[in-house]
Amino acid sequence: MKKKSSETIYWTLLSHEDWRIYIASTASGLCYVGSQDKPFEELEDWVRRKFPASELIQDDEKLQAYATELIEYFEGNRQSFTVSFDFQGTPFQLAVWNALCEIPYGQTKSYSDIANVILKPAAVRAVGTAIGANPVLVTVPCHRVIGKNGSLTGYRGGLDMKTRLLQLERSQL
């Protein structure tokens, strides 16, 4: 995966009811959705790794469309996202992230289900690693992936956030 060398990354803190999440975009689209209640350093560290020469600029207005769709989701009024995205990954990661977007709202799939969808049935661990690298939580719904036995498994945002997102979706069905 090629890192972008120099690009402006715009960010804001989405704060709605008891949700507090940093989000960021490039000029091309949403590139980062952070974990619930994590400090700004989570975003800073991610930008330093993925966009090493970039400048981080707070711009609430530039991120308003992304924040609006996330708020609509948190309020139960949106089941999918229409904003533009700008996430880079390996071809394998992109295949996994695209497969995540096909999981219907309020439903779950296992890691092995995703491995089968991308026609790599033996790559269950690699699927887990790719899911863990998903830079845009909520919008690319990695929270909908659970263990084969139905258990909740790791989530960058923490299991409390994963549980809350799944409960939110199920309550809207």
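Keep in mind the model is a prediction, meaning the values are calculated, not measured. (Residues numbered from 1 in each chain as written. Predicted model: local features only at pLDDT ≥ 70, side-chain atom pairs only at ≥ 80, totals over all residues. Heavy atoms only, no water.)

**Regarding the UniProt feature "domain: Methylguanine DNA methyltransferase ribonuclease-like" (unreviewed entry) in the protein chain**
Part 1 of the argument: In the numbering adopted here, UniProt assigns the feature "domain: Methylguanine DNA methyltransferase ribonuclease-like" (unreviewed entry) to residues 9-86.
Part 2 of the argument: End C-alpha to end C-alpha, residues 9-86 measures 11 Å, and it is 28% helix and 29% strand. (UniProt positions renumbered as here; feature names shortened; annotations may be inferred. Helix = DSSP H or I, 4+ residues; strand = E, 2+ residues; numbered from the N terminus.)

**Digging into the side chain of Arg 78**
Part 1 of the argument: Checked against the element boundaries, Arg 78 lands in the loop between helix 2 (64-74) and helix 3 (91-100).
Part 2 of the argument: Among the polar contacts listed, one links the side chain of Arg 78 to the side chain of Glu 72, at a separation of 2.8 Å.
Part 3 of the argument: A polar atom in the side chain of Arg 78 sits 2.9 Å from the backbone oxygen of Ser 80.
Part 4 of the argument: For Arg 78, the contacting residues outside a window of four places in its chain are Glu 69, Glu 72, Tyr 73 and Tyr 105. (Polar contact = N/O pair within 3.5 Å; in protein donor to acceptor, adjacent residues only side chain to side chain. Contact = heavy atoms within 4.5 Å.)

**Some remarks on the packing of aromatic side chains**
Part 1 of the argument: As enumerated under the stated definition, the model contains eleven aromatic pairs in all.
Part 2 of the argument: Note on Tyr 73 and Phe 81: the rings are 5.7 Å apart at their centroids and 40° apart in plane angle, and the pair reads as tilted. The residues Tyr 73 and Phe 81 share a single accessibility class, namely buried.
Part 3 of the argument: Members of the aromatic cluster, each reached through a chain of ring pairs, are Trp 19, Tyr 73, Phe 74, Phe 81 and Tyr 105. (Phe/Tyr/Trp six-rings, centres within 6.5 Å; stacked < 30°, edge-to-face > 60°. Buried < 20%, exposed > 50% of the residue type's maximum accessible area, 1.4 Å probe, protein only.)

**A closer look at the sheet that holds strand 1 (residues 8-16)**
Part 1 of the argument: With respect to topology, four strands assemble into an open sheet ordered 3-2-1-4, the strand pairing being mixed. Each end of this open sheet is capped by a strand with a single partner; those strands are strand 3 (30-33) and strand 4 (55-58). Across the sheet, the axes of successive neighbouring strands diverge by a mean angle of 30°, strand direction being ignored.
Part 2 of the argument: The sheet contact formed by strand 1 and strand 4 spans four bridges and is parallel. Each bridged residue has a counterpart across the sheet, and for Tyr 10 the counterpart in strand 4 is Ile 57. (Pairing = 2+ DSSP bridges. Axes fitted to C-alpha atoms, helices over the stretch in contact; angles between N-to-C directions.)

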